[in-house]
Amino acid sequence: MQTIYNHVIINNIEWSRQMKRTDVLSWDEYFMGLAHLSAKRSKDPSTQVGAVIVSDEHRVVSIGYNGFPNGCSDDEFPWDREGDFSCTKYPYVVHAELNAILNSKHDLRGCSIYVSLFPCNECAKAIIQSGIKRIVYESDKYATTDSTIASKRMLKAAGIELYQLPYCIDLKVEKHANE
């Protein structure tokens, strides 16, 4: 990191003052990074998704990740992706977006939601009903599925702004002994 100094002369005395850092995260990078950090709480072995809801003043109002509902054991319910519907994770997992909406104690009208994977049609309904006005997302890997097509149709009809980041955030969390 380069240190930058600003030289100022006041009353014939030269002062040197360190300038602020310029390599800080943008708001989009920061909030998407929080979504990725939240996703690391998911116990889903195949897909970890995080969501962060943010006010227009850049305040985090809620956070969520995909997982089973409270009281439903991660060890007793299935994580499978294939097989009979009731023997897969799909009827049981609460998506990150819905968890973030349900976890909030605030009015979400006018907020933005940052999510690592584009919301499905069920989450889109909850996003619309909650009053969220902007979705910032990274991956759209299910763009051609019926669920995502329906989701985009509803979100556009409701006037929700959709913004796909032109890059992906790579978050690495490392543990080491305290010094």
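Chemist: Help me get a handle on a nonpolar patch on the surface, residues and values and all.
Modeler: A cluster of nonpolar side chains, namely Leu25, Trp27 and Tyr30, defines an oily patch on the protein surface of about 350 Å² accessible area. By secondary structure assignment, the location of Trp27 is in helix H1 (residues 27-39).

Chemist: I'd love a proper account of helix H4 (residues 146-157), names of residues and values included.
Modeler: For H4, with twelve residues, the first-to-last C-alpha span of 17 Å sits near the 16 Å given by 1.5 Å per residue. Within H4 the residues assigned to the buried category are Thr148, Ser151, Lys152 and Leu155. Buried residues of H4, viewed axially, fall in a sector of 95°; they line one side. Turned more than 90 degrees away from the buried face of H4, the exposed residues are Asp146, Arg153 and Ala157. Where H4 is buried, its residues meet helix H3 (121-130), strand S6 (134-139) and strand S7 (161-164).

Chemist: Give me the layout of surface pockets: which residues, what numbers.
Modeler: When its volume is computed, the largest pocket comes out at roughly 550 Å³. Along the walls of the largest pocket sit 22 residues, with Tyr90, His95, Leu117, Cys120 and Tyr142 positioned nearest its centre. Elements with a contribution of two residues or more to the lining of the largest pocket: helix H2 (96-103), H3 and H4. Here the lining of the largest pocket is built from residues that sort into eleven nonpolar, six polar and five charged. Around the second largest pocket, the lining is made up of 14 residues, and of these Tyr65, Gly67, Phe68, Asn70 and Asn99 lie nearest the centre. Listed by contribution, the elements that provide at least two residues to the lining of the second largest pocket are strand S4 (60-65) and H2. Within the lining of the second largest pocket, the residues separate by chemical class into six nonpolar, five polar and three charged.

Chemist: Summarise the nonpolar core; cite the residues concerned and give the values.
Modeler: Ranked by internal contacts, the top residues of the largest apolar core, which has 21 residues, are Ile53, Ile132 and Ile135. At the level of secondary structure, the elements contributing two or more residues to this core comprise strand S3 (50-54), H2, strand S5 (112-117), H3 and S6. Setting aside anything within four residues of it in sequence, one finds Ile53 in contact with Arg59, Val60, Val61, Ser62, Ala100, Ile101, Leu108, Cys111, Ser112, Ile113 and Ile132. Counting nine residues, the second-largest nonpolar core is a separate cluster that includes Phe31, Met32, Val136 and Leu165.

Chemist: Outline unusual backbone geometry, listing residues and values.
Modeler: Here the phi dihedral of His58 falls at roughly 65°; this positive angle occurs in a residue that is not glycine. Structurally, His58 is set in the loop between S3 and S4. Exposure remark for His58: the relative accessible area of 35% places this residue in the partly exposed category.

Chemist: Outline the pairing of S6, listing residues and values.
Modeler: In terms of strand pairing, S5 meets S6 through five bridges, oriented parallel. Counterpart to Tyr114 in the pairing with S6 is Val136. Remark: the S5/H3/S6 crossover connection has right-handed handedness. The pairing of S6 with S7 spans four bridges and is classified as parallel.

Conventions and cut-offs
- Note on numbering: residues in each chain are counted from 1, in written sequence order.
- Residues qualify for local features only when their pLDDT is at least 70, as the model is predicted, and side-chain atom pairs are given and counted only at 80 or more; totals for whole chains, interfaces and linings, by contrast, use all residues.
- Side-chain measures were taken over the full set of non-hydrogen atoms in the model, leaving aside hydrogen atoms and water.
- Note that patches include only residues with greater than 30% relative accessible area and no salt bridge, and the join distances are 9 Å for like charges and 5 Å for nonpolar side chains (Val, Leu, Ile, Met, Phe, Trp, Tyr).
- All accessible areas in this document rest on Shrake-Rupley with a 1.4 Å probe, and a residue is counted as covered only by the protein chains that are shown.
- A pair is scored as a salt bridge if a Lys or Arg side-chain nitrogen falls within 4 Å of a carboxyl oxygen belonging to Asp or Glu.
- A run of DSSP states H or I qualifies as a helix once it reaches four residues; a run of E qualifies as a strand once it reaches two. Both are numbered from the N-terminal end.
- By this rule, a helix spans an expected 1.5 Å times one less than how many residues it contains.
- Type-normalised accessible area, obtained with a 1.4 Å probe on protein chains alone, sets the label of each residue: buried when under 20%, exposed when over 50%, and partly exposed for intermediate values.
- Our arc is simply the arc of the directions from the helix axis toward the C-beta atoms.
- Note on contacts: a residue pair is in contact if any heavy atoms of the two residues lie within 4.5 Å.
- As defined here, a cavity is a set of points on a 1 Å grid over the protein atoms alone where a 1.4 Å probe fits but cannot get out. A pocket is an open set with protein on both sides within 12 Å along at least five of seven lines, and residues line them when an atom is within 4 Å of a point.
- Grid points are joined across faces, edges and corners, and a volume is the space filled by probe spheres set on the points.
- Residue polarity follows a fixed list, in which Ala, Val, Leu, Ile, Met, Phe, Trp, Tyr, Cys and Pro are nonpolar, Asp, Glu, Lys and Arg are charged, and the others, Gly among them, are polar.
- Note on terminology: a nonpolar core comprises buried Ala, Val, Leu, Ile, Met, Phe, Trp, Tyr and Cys residues joined through side-chain atoms within 4.5 Å.
- Following DSSP output, two strands are said to pair if at least two bridges run between them.
- A clockwise course of the path from the first strand over the helix to the second, judged with the strands pointing away from the viewer, identifies a crossover as right-handed.

Honestly, it's all geometry; don't read function into it.
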